[in-house]
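# Topology and contacts: notes
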Amino acid sequence: MAQPVRVRFAPSPTGKLHIGGARTAIYNWAFARATGGAFVLRIEDTDPERSTEENTQIILRAMRWLGLDWDEGPEVGGAHGPYRQTERMETYAHALEDLKARGAAYPCFCTKEELDAKRAAAEACGGAYGGYDRACRDIDPGEARARIEAGEPHVWRLKVPDDRGPIEFDDAVYGPMSFPADVMDDMILVRSDGTPTYNFAVVCDDANMGITHVIRGDDHLSNTPRQILIYEALGYAVPTFAHLSMILGADGKKLSKRHGATSVEEYRDQGYLPDTMVNFLALLGWSLDGETTIIPRDVLCSAFSLDRITKKDAVFDETKLSWMNGQYIQRMDPDAWVRLSRPWLIEAGATESDIDERPEWYARLYPLLAERETRLSECAQKLPYLFWGPHVDLDETSIRKVLLKEGARAEEALRACRAVLADETIPWACDPLQNACRALVETLDMKAKLLFQPLRVAVCGNMVSPPLFESIELMDRADVLARIDSTLERVFASQ
Ligand code: GLU
């Protein structure tokens, strides 16, 4: 039986979780779920200058927001921990000892100045720098030991076997890959301060954590042959590699800040749903069948496979993202809508305590927007009128174009609608109120639009608003009447 799949997402906490990183996380997560394997989260925080705990927390939060649950990693633990590289230093030291014992690593005493001078000399001769010249490779072991004991600064390098032919591997996305071994210099494994290099730490961790598939961005493709040499030196099985193509902006250039939001958090703050982001990012380089665009999580988690990942660069299409978010908003459960819209409902005028006290009222706001909303944040602009109480904030253009429009009989329409809305025998609900007002079309011999637009402006403050009677139903009768009265007073009293 094949070995159970174990994959990992290994972010360096040097910034927020970016779109590219999120896609890598989603592919690993979906692959683990689709194969019944394990998804490991590992924090690669060995760069002390650039890694911060704050960024680690931001990444974990973004992962949770996206709903990418990890089976092993920070906060959940697991049998292969710890899951932060800074807590795994002993394992790297141990691996180095192992390599020394195998004669596969050697100390190098070349100073930075010496190495820089060699590089400069090579470049001055017009030749390309061929990498480290292995000057320390053949130092007598006794002499090396003495120099180390004397405290001479040194790094540890991998002794790449002389007879190693080209390094070949079958990438699950790119297919057969081959790198000539002679261009692989004897890379540094452990720096003079004792810290492991990226390539060394990653291999130790992936091997010790039993990772079977390394799915990551193709910016790491050139690291892979180096890492394979380390696996071989340590006698570990080499995992399957799957490198993911680049994500490009609409202009065909690599996605970057120039294109707008790049972190998952920014999309969250703009009102995108986690479901949208997972679906949308999953399709940046993978497809279910080449045409389906709405792919719910459960389908992704059962159907994801490496063989449907393309090596073509993916293009980030904001218009499609917006459309897809609208689709997910339409499919949302109203309670979830309230929960995720909370910051913008508050911006619109709601209070925390009111949302907590009458969540069912807030759930009734969902249909006002669901059909048209493409971002949850839109309610901050579209729903303030629901929170004005008896006051109305009249839009000047709407006053001019609707209430004062020549020949529109807006005042008459408004007074007639007011009378209907004041009639307590009519149930305070959308349909009865709307039907009773609609009857005025005949009584007043007026087009429905001319009848309802003044009412819309008087109640919602603007000639453009969410559905009118659906809104009225959600408001207090006294407030609605007060708004109509103050509109009549302000716009028509002096005429
Ligand atoms: N820590 C690396 C990064 O954030 C990823 C390493 C890997 O996936 O092998 O780019």
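Since the structure is predicted, the reported quantities are computational estimates derived from the model, not experimental observations.

What counts, and where the lines are drawn
Residues numbered from 1 in each chain as written. Predicted model: local features only at pLDDT ≥ 70, side-chain atom pairs only at ≥ 80, totals over all residues. Heavy atoms only, no water. Core = buried A, V, L, I, M, F, W, Y, C linked by side-chain atoms within 4.5 Å. Buried < 20%, exposed > 50% of the residue type's maximum accessible area, 1.4 Å probe, protein only. Helix = DSSP H or I, 4+ residues; strand = E, 2+ residues; numbered from the N terminus. Contact = heavy atoms within 4.5 Å. Near = heavy atom within 4 Å. Polar contact = N/O pair within 3.5 Å; in protein donor to acceptor, adjacent residues only side chain to side chain. Areas by Shrake-Rupley, 256 points an atom, 1.4 Å probe, with all protein chains shown as cover. Nonpolar A, V, L, I, M, F, W, Y, C, P; charged D, E, K, R; others polar. Salt bridge = Lys/Arg side-chain N within 4 Å of Asp/Glu carboxyl O.

Ranked by size, the top nonpolar core spans 152 residues in total, and within it Phe200, Trp337 and Leu383 carry the most contacts. The element contributing the most residues to this core is helix 1 (residues 19-35), with nine residues. With residues up to four places along the chain from it excluded, the contact list for Leu383 reads Trp337, Leu345, Ala348, Leu365, Leu368, Leu369 and Pro466. If you look at the next biggest cluster of nonpolar residues, it comprises ten residues, including Tyr106, Cys110, Leu115 and Ala144.

For the rest of this paragraph, the subject is the environment of Leu60. Relative to the helices and strands, Leu60 is located in helix 2 (residues 53-66). Along the chain, Leu60 and Asp289 lie 229 residues apart, while their C-alpha atoms are 31 Å from each other.

Bringing the site of the ligand into the picture now. As a matter of local geometry, the ligand sits amid Arg8, Ala10, Pro11, Ser12, Glu44, Tyr198, Val202, Arg216 and His220. Between an oxygen atom of the ligand and a side-chain N or O atom of Tyr198, the distance comes to 2.9 Å. Side-chain polar atom of Arg216 to an oxygen atom of the ligand: 2.7 Å apart, as the coordinates give it. Contact with the protein chains covers 79% of the free accessible surface of the ligand, which is 290 Å². Taken together, the residues of the shell around the ligand sort by class into four nonpolar, two polar and three charged.

With that settled, the discussion passes to the pattern of salt bridges. Pairing between side chains becomes possible if they bear opposite charge and their charged atoms approach one another. Going through the model one piece at a time under the given rule, you end up with 38 salt bridges. Across the pair Asp205 and Arg42 runs a salt bridge whose closest N-O atoms are separated by 3.5 Å. Taken together, the residues Asp205 in helix 6 (residues 198-208) and Arg42 in the loop between strand 2 (38-41) and helix 2 connect sequence positions 163 residues apart. With relative accessibility at 0%, the residue Asp205 sits in the buried group. In this structure, the salt-bridge partner of Asp206 is Arg42, at a minimum N-O distance of 2.8 Å. Placement of Asp206 in helix 6 and of Arg42 in the loop between strand 2 and helix 2 is noted, with a sequence separation of 164 residues between them. Each member of the pair Asp206 and Arg42 is classed as buried. When salt bridges that share partners are traced, they join Arg8, Arg42, Glu44, Arg88, Asp205 and Asp206 into one network.

By themselves these figures say nothing about function.
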